[in-house]
Amino acid sequence: MSASSSSAGSTPAPSGLTGPVLVIGGAGYIGSHTVAELVRCGVPTIIYDNLSTGHRSAARATLVVGDMGNREQLLRAFREHRPRSVIHFAAKCFVGESVTDPAKYYLENVVYTHTLLEVMRERGVQEIVFSSTCATYGEPVRVPIDETHPQVPISPYGKTKLHIEHMLEDYTRAYGLRAAALRYFNAAGASQDGTLGEDHQPETHLIPLVLQVALGQRPEILIFGDDYPTPDGTCIRGYVHVEDLARAHLAALARLQAGVSSIRCNLGTGSGYSVREVIEAARRISGHPIPARVVARREGDPPCLVSGGTRARDLLGWQPQRGELEDILHDAWRFHSTKRNGMRG
Ligand code: UFG
């Protein structure tokens, strides 16, 4: 059966999952899809987001506008909405910016997460699902990258995410926190109903940029290097559908609520696609020639990042349903071609 024949609406909620769930960063890209999934499953959900990169129009549940670093504001939201559990997406997540302005990353990712964990402790909230990243592995020493791969991040972004993983482990040991760190590979795609999708300002990710060329919003796509040790010379990445990521968060939270204390797992499909393969597939789907030009490598790009390991399947019962590149691009194309201003209208 083709992965594309399943529909998001047909998946039941993970059994035993209860709310209220407070989703920090729930108006952002992956957060908004996760909120939509929680709501679809009937789980009471509240969004806490400062809208610095998220969008009001992406909020699919009650939205509290606030900063995660503002302890009083956060505490007020906890007092008012009495969440049972937290899913935490709020972060600065540009690798390049983290190199030039690491202070912002240590403050907003590490320090503010500490604020969140302390508020959770004060309020007796014991379950958290956290957005980690394959960037915590750093330069791969072997591919596919399973969860036992050494974690030696090379960017401040990856380092801050690994610091948070360590904080969670220590809070679990000392205070009985139950925590899941989900290490995403390249999140991509859009909701199958076409209403939610990727909209970063500025956009730096390959798939939305390629599709913006197909829409005539950019003249060409720049390929950052074609002299990598890969079959066609361009970088290979493991793209994972944002709705598959969303389902994994619910599954992880259900496991924590059932009493599991610690989960660390990759979220990827096990497949990888080169930059040229992505552009080629986008040409087929959009019917546009998508002019491309090879330029110099982008600093810090490893040649190949593809997930390995079976923990997500074994621990969460998670399997990607839209794991094929064509499915991911198809949904992204529907979103970008119908919502030309992205989540901004
Ligand atoms: N690329 C281009 N041209 C572009 C944009 C990207 O050739 O205009 C290439 C990149 O060099 C890379 C691939 O397309 O090889 C994918 O790039 P993205 O920027 O879409 O994604 P990254 O792999 O750089 O980033 C992802 C996540 C980050 C995470 C990082 C870990 O988006 O959050 O992987 O390395 F930190």
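So, here's what we can say about the structure. (Residues numbered from 1 in each chain as written. Predicted model: local features only at pLDDT ≥ 70, side-chain atom pairs only at ≥ 80, totals over all residues. Heavy atoms only, no water.)

1. What to know about the overall build of the protein
In terms of helices and strands, the protein carries ten helices and 14 strands. Relative to the 2.2 N^0.38 estimate, which gives 20 Å for 345 residues, the radius of gyration of the protein is 19 Å and therefore close to what a compact globule would have. Seen along its three principal axes, the alpha-carbon backbone of the protein occupies a region of about 55 × 40 × 40 Å. Within the span of the protein, comprising 345 residues, buried residues form 53% of the whole. Here the analysis covers contacts within the protein between residues at least 6 apart in sequence; of these, 78% occur between residues at least 24 apart. Just so you have it, the protein exposes about 14200 Å², and 51% of that area is on carbon and sulfur atoms. The distance from the centre of the 36 positive side-chain charges to the centre of the 36 negative ones in the protein is 4 Å. (Helix = DSSP H or I, 4+ residues; strand = E, 2+ residues; numbered from the N terminus. Rg over C-alpha atoms; globule rule 2.2 N^0.38 Å. Buried < 20%, exposed > 50% of the residue type's maximum accessible area, 1.4 Å probe, protein only. Contact = heavy atoms within 4.5 Å. Areas by Shrake-Rupley, 256 points an atom, 1.4 Å probe, with all protein chains shown as cover. Lys, Arg positive; Asp, Glu negative; His and termini not counted. Charge placed at Lys NZ, Arg CZ, Asp CG, Glu CD.)

2. Digging into the pattern of salt bridges
Scanning the entire structure with this criterion turns up 23 salt bridges. The shortest N-O distance in the salt bridge between Glu122 and Arg71 comes to 2.3 Å. On the criterion of sequence distance, the pair formed by Glu122 in helix H4 (residues 102–123) and Arg71 in helix H2 (residues 71–81) is long-range, its members being 51 residues apart. Since its relative accessible area comes to 35%, Arg71 is described here as partly exposed. Several salt bridges converge on common partners, so that one network encompasses Arg71, Glu72 and Glu122. (Salt bridge = Lys/Arg side-chain N within 4 Å of Asp/Glu carboxyl O.)

3. A short note on the sheet that holds strand S1 (residues 21–24)
Think of a sheet as strands paired side by side through backbone hydrogen bonds, with each pair either parallel or antiparallel. Within the open sheet, the seven strands sit side by side as S3-S2-S1-S4-S5-S6-S11. Their pairing is parallel. The two strands at the open ends of the sheet, each matched to only one other strand, are strand S3 (62–65) and strand S11 (262–267). For this sheet, the mean angle separating the axes of adjacent strands, direction not counted, is 20 degrees. As paired strands, S1 and strand S4 (residues 85–88) are joined by four bridges and run parallel to one another. Residue pairing for S4: Leu22 is matched across the bridge by Val86. Against the sheet, helix H5 (residues 156–175) engages strand S5 (127–133), strand S6 (178–184) and S11, with an angle of about 155 degrees to S5. (Pairing = 2+ DSSP bridges. Axes fitted to C-alpha atoms, helices over the stretch in contact; angles between N-to-C directions.)

4. Structural notes on helix H10 (residues 325–338)
The terminal C-alpha atoms of H10 lie 20 Å apart, and with 14 residues this matches the ideal 20 Å at 1.5 Å per residue to within 8%. By the burial criterion, the buried members of H10 are Leu325, Asp327, Ile328, Leu329, Asp331, Ala332, Trp333, Phe335 and His336. Residues of H10 that are buried in the fold lie against strand S7 (186–188), helix H6 (206–214), strand S10 (239–241), strand S12 (273–274) and helix H8 (275–286). (Expected span 1.5 Å × (residues − 1).)

5. What to know about the nonpolar core
Counting 35 residues, the largest nonpolar core has Ile30, Leu38, Ile87, Val129, Leu182, Leu267 and Leu316 as its most contacted members. Taken together, the elements giving at least two residues each to this core come down to S1, helix H1 (29–40), S6, helix H7 (242–257), S11 and helix H9 (311–316). Membership of the second largest hydrophobic core comes to 26 residues, among which are Leu209, Val210, Ala214 and Tyr228. (Core = buried A, V, L, I, M, F, W, Y, C linked by side-chain atoms within 4.5 Å.)

6. Let's talk about the pairing of S4
Residues of S4 alternate between two faces, with Ser85 and Ile87 on one and Val86 and His88 on the opposite face, all of them buried. Pairing of S4 with S5 involves four bridges; the strand directions are parallel. In the sheet register, Ser85 faces S5, and the bridge partner there is Glu127.

7. Looking at a positive patch on the surface
A surface patch of positive charge is lined by Arg76, Arg79, Arg82 and Arg123. Along the polypeptide, Arg76 turns up in helix H2. Residue class for Arg76 comes out exposed when judged on its relative accessible area of 51%. (Patch = residues over 30% accessible without salt bridge, like charges linked within 9 Å, V, L, I, M, F, W, Y side chains within 5 Å.)

8. Some points on the sheet that holds strand S9 (residues 236–237)
With respect to topology, three strands assemble into an open sheet ordered S12-S9-S14, the strand pairing being mixed. Each edge of the sheet is formed by a strand with only one pairing partner; in this case those strands are S12 and strand S14 (304–305).

9. Here's the deal with the packing of H6 against H10
Interhelical geometry of H6 versus H10 gives an angle of 55 degrees and a closest axis separation of 10 Å. As summarised for this structure, H6 and H10 are arranged oblique, according to the angle between their axes. When you trace H6 past H10, the crossing you get is right-handed. Listed contacts from H10 to Ile207, Pro208, Leu211 and Ala214 of H6 are Ile328, Leu329, Ala332, Trp333 and His336. Class assignment for the residues of the contact of H6 with H10 results in eight nonpolar, one polar and no charged. (Parallel < 35°, antiparallel > 145°, perpendicular 65-115°, else oblique. Left-handed = near helix turned anticlockwise from the far one by under 90°. Nonpolar A, V, L, I, M, F, W, Y, C, P; charged D, E, K, R; others polar.)

10. Quick look at the side chain of His55
Inspection of the secondary structure puts His55 in the loop between strand S2 (45–49) and S3. Residue His55 is classed as buried on the basis of its relative accessible area, which comes to 12%. Residues in contact with His55, not counting those within four places in the same chain, are Ala27, Asp199, Met343 and Arg344.

11. Structural notes on the packing of H4 against H5
H5 packs onto H4 with a crossing angle of 20 degrees between their chain directions and a minimal axis gap of 9 Å. By the angle class used here, H4 and H5 are roughly parallel. Considering how the two elements wind past one another, H4 and H5 form a crossing that is right-handed. Packed against H4, whose contacting residues are Pro102, Tyr105, Tyr106, Asn109, Val110, Thr113, His114, Leu117, Glu118 and Arg121, the element H5 presents Pro156, Tyr157, Lys159, Thr160, His163, Ile164, Met167, Leu168, Tyr171 and Tyr175 at the interface. Across the contact of H4 with H5, the residue classes break down as twelve nonpolar, five polar and three charged.

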